[in-house]
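# What the coordinates show
So the chains spell out like this:
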Amino acid sequence: MGTTDLAVKVASTTTSRHEKVINDLSIQVATVNGSGSQSANTVLLRSIFRMGIPVSGKNLFPSNIAGLPTWYTIRASKNGYIARRKEIDFLVAMNPETAEEDVLSLRAGASAVFDEKLNLQRLRDDVIFYPVPFDALVAPVCPNAKLRKLVRNMIYDGVLAKLLGIPMGEIHEALKQHFMKKPSAVDLNFNAARVGYEYAEKNLPKRGRFYLERMDATRGKIIIDGNAAAALGAMFAGVTVCTWYPITPSSSLAESLASYMKRYRMDPVTGKATFAIVQAEDELAAIGMAMGAGWAGARAMTATSGPGISLMAEFVGLGYYAEIPAVIFDIQRTGPSTGLPTRTQQGDILKNAFLSHGDTRHLMLLPASVEECFSMAVEAFDLAEEFQTPVFVMSDLDLGMNNWMSDPFPYPAKPMNRGKVLNAKDLERLGGFERYRDVDGDGIGYRTLPGTKHPKAAYFTRGSGHNERAIYSERPEDYVNNMDRLSRKFETARKRMPGPVLQESDGAEIGIIAYGSTHWAIVESLDQLRQEYDLPVSYCRIRAFPFSERIMDFIRRYQRVYVVEQNRDGQVYELLRIEADAEDIPKIHSIRHYKGVPIDARSVTDEIVSQEGKK
Amino acid sequence: MSTTVVPPSPPQKLNRIGLGPSDYKGNKSTLCAGCGHNAISERIIEACYELGVEPHRVAKLSGIGCSSKSPAYFLSTSHGFNSVHGRMPSIATGTMLANRNLISIGVSGDGDTASIGVGQFIHLMRRNLPMIYIIEDNGVYGLTKGQFSATADLGSTLKNGVINDLPPIDTCALAIMLGATYVGRSFSGDKKQLMALLQGALGHHGTVMLDVISPCVTFNDHVGSTKSYSYVRDHDAPVGDVSYIPFFEDIVVDYDPGTTTEITLHDGSRLLLKKLNADFDPTNKTEALKILMEAHDKGEIVTGLFYLDTQKPNFMELLNFVDEPLATLPESSVRPPKKVLDEVMNSLK
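Residues numbered from 1 in each chain as written. Chains lettered and ligands numbered in written order. Predicted model: local features only at pLDDT ≥ 70, side-chain atom pairs only at ≥ 80, totals over all residues. Heavy atoms only, no water.

The subject of this paragraph is the pattern of salt bridges. Residue and element names in this part refer to chain A. Taken as a whole, this structure holds 62 salt bridges over all chains when the rule is applied. In this structure, Glu524 and Arg75 form a salt bridge, with 2.6 Å as the shortest nitrogen-oxygen distance. In this pair, Glu524 is assigned in helix α16 (residues 519-533) and Arg75 in strand β4 (residues 69-77), connecting sequence segments 449 residues apart. Arg75 shares its class with Glu524; the two are buried. Between Arg447 and Glu385 there is a salt bridge; the shortest N-O distance is 3.7 Å. Separated by 62 residues along the polypeptide, Arg447 in the loop between α14 (424-430) and β17 (460-462) and Glu385 in helix α12 (residues 370-387) bring together distant segments of the chain. Pair check on accessibility: Arg447 and Glu385 agree, each one buried. A single salt-bridge network, built from bridges that share partners, covers Glu549, Asp553, Arg556, Asp581, Asp584 and Lys587. (Salt bridge = Lys/Arg side-chain N within 4 Å of Asp/Glu carboxyl O. Helix = DSSP H or I, 4+ residues; strand = E, 2+ residues; numbered from the N terminus. Buried < 20%, exposed > 50% of the residue type's maximum accessible area, 1.4 Å probe, protein only.)

Shown next as structure tokens:
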């Protein structure tokens, strides 16, 4: 099956097999791509969320429009763990192609809801089976044969509601929220869910130990995906130009931005917009337009993924050397090459740190949550203009395309920082300026925008060698002066970028370093290490490159530090080894997860325990 | 000790905004003596001076190559951007998105446009972005010492005798087909025609695409070249005379109405097109393409204004954004208030 790291073995657990488990389970719905299960899955997720239970949803889908297997995993966790969990407690097997494998990969004691025609109960005797006659149930509630394929999925929502204890009222409310503008769709789908519920009530006596009960841990929280969060951040950052080219998994960022901007940044009467969103002909043009716009003073951005970044390399080098602001959202997916286009990875870190030819270094922000997708989007535009350089926001498919529970996002606290821009009045006062002179000793020069009405405003921008006055130069001293100033600018950024988030445990000898969406597995793994192995571990979450000096201090304080990330080559591990003191390098160890599916806590725990010799 | 009396230099003739010709000059050219590109820079300087273009409103853009060095040689008080090979169109697009009040003059070469940059060139034309796009076309790569470009004519030769066996890309035909709204070809040695075309271009509000044959004196000015000075002079077939009347002049021109078309540009300037070929209509795409195709068959280099459309909306009009430049909108215009964030957050609960 596609999610090949699903473990058949039973993970170590402290609960007994027969103990009732409340608000701690994972559901996996296996469907056929294009069968319209998204509504049913979203409604299921929302219903659990409405019960006050922390919940997360992850879509594992193929690079395909219709016909291939796809899985949606919902995890409800009273402890608030929202990382992926490998073990499935409840399977909904809707895809005949994978149903057998899906059942075989379940751990003992799990349950499986399935189309009775598939006769899956023959496969195992340690799984609880709930056969449902989906076709017979859907026909009477959905006379329109064309809609049946979609509505059929709602039946499993009803069945699960009965088996797990989700009130049908919550399903109804979630449906209303989902089909906001279509009351007829709400009725049709709710009828299907009700049929499922009633069927389960009559025919499927509850067995097994998993239950959902109301609690109060989601009050005031929101559910959003990272791309929509980043789009909101860009809007509140005051973005004015977004140029992009479609690529999974970043497209929904630009598309969300377009819909928010149309709603909130356009005059409802005249239709006049305070922004331009342009779908470019390719990634080369997308970044070129963003560079042109950034040069001319717009808050400019693009959104792409690894293959797009490869195409943008030349322009990003120009942006570094000619010093042009732009924000690049890289929603990372699994590489190399076309890779696994719809699977997740943290695979572009090393490449983006030094993207393009010659000596180049770029600023990167590393959001770990949808809240940081929002706040770092806001921050990125300030940084790009302050440092007059391309800034990467390194999200990934898991963060970008999956739904996450979060606190609501805070309104930006600081006014926009447009950086060192001189206007005509400034030039009058100063009598002129030199574009690439380090006036303030921070490596950052002053710039003017095209269109500034002053005879001394203009300068010439080029990717070739230039002196402080922006005049073409191949003189060794001009080149060295310029390159050294760019290094100084990078060092200024080191102090200005968001620092690490530290969580230090008393008595800990070892530490974990992680970043981005890996964070959620670490949070859970830290608890597992303490509870199951009595092993206190400190944690340092990196939020930006260049790395803060506080990260190096963290490494110095511990005996061994494990860098956990989702790529094969330990990309941040390598970057840290470049920057660490020689005596600290042997302390740094690497834990890598690169299966294309989001990292889970158990994998981290097992690996640390193994490397620490505790197992 | 002798006293030298320096005679005062004669006062410069100032244009309508009070600037003299020297205010439109650029740095000293580092291109070869006699390079056609320098003549084009001179015409740009003259055209901007005569029309009283405000230099601070001009953005000069280019890619890579000999041609792309040109922006350094005119309008030194305008912002310039010498970008990457073939990708100036995207820089120009972004620049105009950020500040629609700019006058964007892009200079490209035939290699920069028709080979490495053909993708971006095509999409620039499609969008009808308001800008002046000039190809300094010599059929060879000068800066890498003389390789054929994609506009080199079939059968033309390099200095070392190598024969070109591929047909040329006609950038004017491409531009017309794709949606540019002011398309012409000229010759760097034809001061009068080039000047009129450039002045008309400055009054147009869509994509201006001018292919200017500009012989390369070092690598492509020999007997086998179809882009040498002598070849172009011998084979130039103008489709008509182009005359230009700026919006601030009201000269009555005595043209025979039977053979002249007058077109009013967006800023009120007028172009007078005196027809040599009675059938030629510069507002008819099919006619324009036909005349280009026929010229290829005859081995002629047809010059003049081939196509003009003053009605088609440009890219900025399609995007319908506010009148003031996006680049300088204040925070109050671009950051929605807190109540908007609250509204969005509530919808996600």
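Let's pick the thread back up.
What follows concerns the nonpolar core. Residue and element names in this part refer to chain A. Ranked by internal contacts, the top residues of the largest apolar core, which has 162 residues, are Ile224, Leu232, Leu257, Met301, Phe329, Ile513 and Leu576. A total of 11 residues in this core trace back to one element, the largest contributor, which is α12. What Ile513 contacts, discounting residues up to four positions off in sequence, is Cys540, Ile542, Ile551, Phe554, Ile555, Val561, Tyr562, Val563, Val564 and Leu576. Membership of the second largest hydrophobic core comes to 56 residues, among which are Ile27, Val92, Leu163 and Ala192. (Core = buried A, V, L, I, M, F, W, Y, C linked by side-chain atoms within 4.5 Å. Contact = heavy atoms within 4.5 Å.)

All names here are of chain B. Reading across from one edge, β10-β12-β11 is the order of the three strands in this open sheet, with antiparallel pairing throughout. Strands with a single pairing partner mark the edges of an open sheet, and in this sheet they are β10 (240-245) and β11 (260-264). For this sheet, the mean angle separating the axes of adjacent strands, direction not counted, is 20°. Summarising the sheet, β11 and strand β12 (residues 270-275) pair through five bridges and their orientation is antiparallel. Looking at the pairing, Thr260 lines up with Lys274 of β12. (Pairing = 2+ DSSP bridges. Axes fitted to C-alpha atoms, helices over the stretch in contact; angles between N-to-C directions.)

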